[in-house]
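# Remarks on the overall topology
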Amino acid sequence: MWSAGTLESSPISSDDESYETISTDVLIVGAGGAGLRAAIEAFDKGAKVLIACKSLLGKAHTVMAEGGIAASLGNVDPSDNWKVHFSDTIVEGQFLSNWKMVEIFAKEAPERVLELEYYGALFDRTKDGKIMQRPFGAHSYRRLCYIGDRTGLELIRTLQDQVIKRGIDYIDEVVVTSIFKDPATGRVAGAMAIQLRSGKLLLIKCKAIILATGGCGKVYAVTSNSWESTGDGISLAYRAGAELMDMEMIQFHPTGMIFPAGVRGMLVTEAVRGEGGILTNVKGERFMEKYDPKRKELSARDVVARSIYTEIMEGRGTPNGGVYLDIRHRGAEYIKKRLPSMYAQFLEFAGIDITKQKMEVAPTVHYHMGGVRVDPETTETTLKGLFAAGEVACGLHGANRLGGNSLSDLLVFGRRAGLYAAEHARSAKIGSISEEDIDKEISRILAPFKVTNGSNPFELKERVAETMWKYVGIVRNEQDLRKGLEEIGRIRLEAKHVQARGPRAYNQSWEACLSLWNMLIDCEAIIRSAIERKESRGAHTRSDYPKKDNANWLVNIVIKQKDGQMIHELVPVPKIPPDMEKLINTDEILVWQQQEKREQLLVRK
Ligand SMILES: Cc1cc2nc3c(=O)[nH]c(=O)nc-3n(C[C@H](O)[C@H](O)[C@H](O)COP(=O)(O)OP(=O)(O)OC[C@H]3O[C@@H](n4cnc5c(N)ncnc54)[C@H](O)[C@@H]3O)c2cc1C
């Protein structure tokens, strides 16, 4: 059996085009919650599995998740059930979600949480020993199962234990750069990868690939996301010929830290508001009473983020350009017990004791609802043999994700991806990969070493992130979006001559060149979709089209490649069948039902 140890080797010269070949049934790209859960399932179904991840095993972005996992266990509010969770998710996703995916999700989330407990996760408990659940924005009931404010860490620890216990193969600090198809069948046949610690190239032959690469928050200058969230999976899928969807739907979390500069964008978990935190402007007004009198601070994320943005833009922001978030009334003991990480984060990074002082917060890019288009049941993408789960995939959260719905998404669809990829692998043969494709990819990824006096990838990445923050932000308009697209185009030209400096091993500038190229594809898809959607819905707010337009825009924007060009199509959102529609608890459903034009919506180009 191949083992990670075989990759440790002596220094490699920058023009060395040799590669090592590995074979497996199912390659899983990413070791966050989705990747690990997929690995367990695929392995248990008899597939040979290899996990490849860019960071160290156990360090995936999921460890940062704080507030909890949404599942309608009904432990605290017995009236909760999957139907209400279904309704909340559809309504807050502003009817852009795939209803089938939401149904599967809401039904299976409780089982996946109990399974996680069975695997060994130590949840906070009610007095009678059940898994504790807390309130979160726009969830009708207290629904988030949690471990203080360190839920993601416990989720990863637990799943990782299961992976190690099973002896599943993994290679960490490995960047997957491209997906190969068998030219005869058009199916997935393998991937090219780089081992960061040696600079060695790897050809991984396989029958199926599961993309579990997480989000693309790093395309923005202010984000809660970790360094690895450069949207590689989106670009890998797109370049291989799979379709993307809802790319314009970027979630701005209402509360990120704003100072000191080094921690700008770092998340202030929604659990602070879930535990009773109050938002006020510089005049001391509790402004959410004005924007959503019923739910106030626990309104949907898009609503709270836009409200904070409005307060700041209308001159009622704090001196550092944010608003105040206050939890002091809960008392020191309660805060330290329920929000230990928040307490430590503010004390350590900003010198603020949140038991005695108010926090200053502003919106930060947090999550991508868009991503790779998948089948709602199997998670297979539009490319045979390629599956996607977790934040990289799309269809579940529509135009706005509810807090806590991502972690349950990882478990529900991570498991399904593993299940169906293993099933696919059982009946498939390892395909062949053309030498020409391999050679082309090797020249592409080694090109940055051949450039002299080239551009600096770190500077270009920063320019990308500033461009997106400036022109494709929380409130958008056509003029800015077009400026953003032009600037991304200019950066793309410069990025052709980007230079990797130094040796191959642990070469961060090389990794930066490759992730920069991925980011540019993601940004183009985000901006093109944002220009196309001429309405405001959920996370996508257009100042030039401020209203939601159900008559014309109950569509998903699909992005794909045709003759080397990025094109888009508008595809009607799958119609919710009447028996499921009955579960949806909002007046807006009337708009949906009466919308006659809907049936006539053709695929528009
Ligand atoms: C601060 C913070 C708090 C959050 N809190 C919550 C919460 O309380 N509840 C909730 O539901 N959601 C929360 N979220 C959202 C949630 O954490 C993420 O959406 C989720 O963890 C994504 O998981 P994933 O498995 O899809 O990907 P990730 O955990 O991002 O993992 C991606 C994996 O892919 C690997 N990878 C990426 N590119 C490559 C490549 N080219 N080659 C090889 N490997 C690659 C990475 O190394 C990593 O292993 C939070 C997010 C943040 C930022």
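Counting starts from 1 at the beginning of each chain's written sequence and moves along it residue by residue. Only residues with pLDDT of 70 or above have their local features reported here, since the model is predicted, and side-chain atom pairs are shown and tallied only from 80 upward, although totals for entire chains, interfaces and linings are computed over all residues. Note that water and hydrogens are dropped before the side-chain values are worked out from all heavy atoms of the structure.

## Things to note about the overall build of the protein
Going by this rule: Working definition: helices are DSSP H or I runs of at least four residues, strands are E runs of at least two. Numbering for both runs from the N terminus. Our radius of gyration is a C-alpha quantity, and the globule rule it is checked against amounts to 2.2 Å times the number of residues to the power 0.38. The buried label goes to any residue with under 20% of its type's maximum accessible area, the exposed label to any with over 50%, and the partly exposed label to all in between, with areas taken from a 1.4 Å probe on protein chains only.
Along its length, the protein carries 19 helices and 23 strands. What you see for the protein is a C-alpha radius of gyration of 23 Å, in line with the 25 Å of a compact globule of 605 residues. Projected onto its principal axes, the C-alpha positions of the protein cover 65 × 60 × 50 Å. Within the protein, buried positions represent 64% of all 605 residues.

## Observations concerning the site of the ligand
The test is simple: Only heavy atoms are used to decide nearness, and a residue is near a molecule or strand if one of them lies within 4 Å of it. Pairs of N or O atoms within 3.5 Å make up the polar contacts considered here, provided that, within protein, one atom can donate a hydrogen while the other can accept it, and that residues adjacent in sequence are counted only when both atoms are side-chain atoms.
Every one of the 39 residues lining the ligand counts as a neighbour, but Thr-62, Gly-67, Glu-228, Asp-232 and Glu-391 are closest to it. Backbone polar atom of Ala-34 to an oxygen atom of the ligand: 3.0 Å apart, as the coordinates give it. Within the contact set of the ligand, a nitrogen atom lies 3.5 Å away from a side-chain nitrogen or oxygen of Arg-401. Sorting the residues of the shell around the ligand by element identifies helix H1 (33–44), strand S3 (49–53), strand S8 (174–181), strand S16 (359–368) and helix H11 (405–427) as the ones contributing at least two each.

## Examining H11
Threshold: To estimate the expected span of a helix, subtract one from its residue number and multiply by 1.5 Å.
With 23 residues, H11 should reach 33 Å at 1.5 Å per residue; the first-to-last C-alpha distance of 33 Å fits that figure. Along H11, 19 of the 23 residues are buried, which leaves the element largely enclosed by surrounding structure.

## So, the packing of helix H5 (residues 232–240) against helix H15 (residues 508–532)
Filter applied, for reference: Axis definition: a line fitted to C-alpha atoms, over the contacting stretch in the case of helices. Angles run 0 to 180 degrees between N-to-C directions. Should an angle fall under 35 degrees it is called roughly parallel, over 145 degrees roughly antiparallel, and 65 to 115 degrees roughly perpendicular, with every other angle called oblique. Whether two residues are in contact is decided by their heavy atoms, any of which lying within 4.5 Å being enough. Here the term charged refers only to Asp, Glu, Lys and Arg, the term nonpolar to Ala, Val, Leu, Ile, Met, Phe, Trp, Tyr, Cys and Pro, and the term polar to all other amino acids, Gly among them.
Between H5 and H15, the least distance of the axes is 8 Å, while the angle of their chain directions is 75 degrees. Taken together, H5 and H15 sit at an angle that is classed as roughly perpendicular. Across the interface between the two elements, Asp-232, Ile-234, Ser-235, Tyr-238 and Arg-239 from H5 touch Ser-515, Asn-518, Ile-521 and Asp-522 from H15. Within the contact of H5 with H15, the residues separate by chemical class into 3 nonpolar, 3 polar and 3 charged.

## Quick look at the sheet that holds strand S5 (residues 133–134)
Defined as follows: In this description, strands pair whenever DSSP reports at least two bridges between them.
With antiparallel pairing, the 3 strands of this open sheet are ordered in space as S4-S6-S5. Only two strands of the sheet have a single neighbouring strand rather than two, namely strand S4 (69–70) and S5. Bridge analysis of S5 against strand S6 (residues 144–145) gives 2 bridges, and the strand direction is antiparallel. Each bridged residue has a counterpart across the sheet, and for Arg-134 the counterpart in S6 is Leu-144.

## Side note on the pairing of strand S15 (residues 323–326)
Sheet faces and side chains relate simply in a regular strand, where the side chains alternate between the two faces. The two faces of S15 match: Val-323 and Leu-325 on one face and Tyr-324 and Asp-326 on the other face are all buried. Note: strand S14 (residues 278–280) against S15, 3 bridges, orientation antiparallel. Residue pairing across strands places Thr-280 opposite Tyr-324, the latter belonging to S15. Taken together, the 3 bridges between S15 and S16 define a ladder with antiparallel strand orientation. Bridge assignment links Leu-325 to a residue of S16, and that residue is Met-359.

## Remarks on the nonpolar core
Which entries qualify depends on this criterion: For our purposes a nonpolar core is just a set of buried Ala, Val, Leu, Ile, Met, Phe, Trp, Tyr and Cys residues, chained together by side-chain atoms within 4.5 Å. The start and end points of each domain follow an automatic or database-based domain assignment.
Core analysis: the largest hydrophobic core is formed by 140 residues, its most contacted members being Ile-209, Leu-211 and Met-468. A total of 14 residues in this core trace back to one element, the largest contributor, which is H15. Shared between two domains, this core holds at least three residues of each, these being domain 1 (251–366) and domain 2 (439–572). Not counting residues within four places of it along the chain, the set of residues in contact with Leu-211 comprises Val-29, Ile-179, Gly-233, Leu-236, Ala-237, Leu-386, Phe-387, Ala-388, Ala-389 and Val-392. Judged by nonpolar contacts, the second largest core, of 26 residues, contains Leu-144, Leu-339, Phe-346 and Ile-352.

## A look at the sheet that holds strand S1 (residues 19–23)
One open sheet holds the 4 strands; their spatial order is S1-S10-S9-S8, and the pairing between them is mixed. Two strands close off the open sheet at either side, each with one partner strand: S1 and S8. Strand-to-strand twist of the sheet, defined as the mean angle between neighbouring strand axes without regard to direction, takes the value 25 degrees. Each of S1, S8, strand S9 (188–195) and strand S10 (200–205) is contacted by helix H12 (residues 435–450), which is oriented at about 145 degrees to S8, the strand it contacts most.

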